[in-house]
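# Per-entry structural report
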Amino acid sequence: ARPVKLAPSLLSCDFTRMADDLQAIGDADWAHVDVMDGAFVPNISFGMPILAAARRASPLFMDVHLMIEAPERYLKDFAAAGADGLTVHVESTPHIHRAVQMIRELGKKAGVTLNPGTPLEAIKPVLADVDLVLIMSVNPGFGGQKFIPQSLDRIRTVRHWLDDLGSPAELQVDGGVTPQNARAVVHAGASCLVAGSAVFGADGPRAGLERFREALK
Ligand code: DX5
Ligand code: ZN
């Protein structure tokens, strides 16, 4: 089996010490960057300048999760600010296919995602065109929420779809992922785990990451 990627979410890092926290997660696979606009989700996080700062401080793959309305407006800016991958929500635009094409034309990895209440069929039309599918396992907007158990079935279904297509796309899972449920999430078919509070909480990101590695051994 291919190794599972770990993508700590910078939403839960200490913004006054972002460079230190990025260094502490230096042996993670990706850095997950949660952009929220206070319209698509009921919270505001940060935008291009913070991504650009993270980019300057770390060589990690910057995996940018756009929780913003009409993301087409900003794809170019996030690419210029240092995104390596850009993931867009099907609910955030009537033109998901165009958004995915725009990301590819920018030369970045294209991801598609959907909220827990959105039927999985919504991603089918672009499934063959994406490098990543993100299954949200909480309602996006905040770190530290509880994993929604029905997400496991959704992960299994998309795993089958990707396998049927012969697609090498990453199957990422985001929200409430912990060392306690990581094995079940991977067993359902995930290839990449996002974790915010479970990495940066308690005794620091190095210990947090180590607990995931142990759980996935
Ligand atoms: C939720 C964000 C997540 C969040 C995960 O809206 O998309 O990436 O940071 O945080 P945890 O791991 O604490 O649920
Ligand atoms: Zn996220």
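These numbers were taken from a predicted model, which means no experiment stands behind them. (Residues numbered from 1 in each chain as written. Chains lettered and ligands numbered in written order. Predicted model: local features only at pLDDT ≥ 70, side-chain atom pairs only at ≥ 80, totals over all residues.)

### Points about the site of ligand 1
Taken together, 22 residues lie around ligand 1, and S9, P140, G143, G196 and S197 are the ones closest in. Of all the elements in the fold, those that place two or more residues in the shell around ligand 1 are strand 2 (30-36), strand 8 (192-195) and helix 7 (197-200). Within the shell around ligand 1, the residues separate by chemical class into eight nonpolar, twelve polar and two charged. (Near = placed C-beta within 6 Å. Helix = DSSP H or I, 4+ residues; strand = E, 2+ residues; numbered from the N terminus. Nonpolar A, V, L, I, M, F, W, Y, C, P; charged D, E, K, R; others polar.)

### What about the pairing of strand 8?
In strand 8, alternate side chains face the same way, and those of C192 and V194 on one face and L193 and A195 on the other are all buried. As defined by bridge partners, strand 1 (residues 5-8) adjoins strand 8 across four bridges and the pair is classed as parallel. Bridge pairing links L6 to L193 in strand 8. (Buried ≥ 20, exposed ≤ 12 C-beta atoms within 10 Å, placed from the backbone. Pairing = 2+ DSSP bridges.)

### Concerning the UniProt feature "active site" (unreviewed entry) in the chain
Those places that UniProt annotates as "active site" (unreviewed entry) correspond, in this numbering, to D34 and D174. With the annotated positions falling across 141 residues, the maximum pairwise C-alpha distance of 10.5 Å places them together in a single cluster. For D34, the position within the fold is in strand 2. Overall, the presence of 24 C-beta atoms within 10 Å leaves D34 in the buried class. Sequence-distant contacts of D34, defined by excluding residues within four places in its chain, comprise S9, L11, S45, H65 and M67. On the secondary structure map, D174 appears in strand 7 (residues 170-174). For D174, a count of 26 C-beta atoms within 10 Å translates into the label buried. Apart from the residues lying within four places of it in its own chain, the contact partners of D174 are H65, L134, M136, S137 and V194. (UniProt positions renumbered as here; feature names shortened; annotations may be inferred. Contact = placed C-beta atoms within 7 Å.)

### Quick word on the nonpolar core
When a protein is soluble and globular, its nonpolar side chains tend to lie buried together. With 65 residues, the main nonpolar core has A31, V64, L86, V133 and L193 as its most contacted residues. Per element, the largest residue contribution to this core is five residues, and it comes from strand 2. (Core = buried A, V, L, I, M, F, W, Y, C linked by C-beta atoms within 7 Å.)

### Digging into the confidence of the model for the chain
In the predicted model, the chain carries a mean pLDDT of 97, and 99% of its residues have values of at least 70. At the level of chain-chain contacts, confidence expressed as ipTM amounts to 0.99, with global pTM at 0.98. (pLDDT = per-residue confidence, 0-100.)

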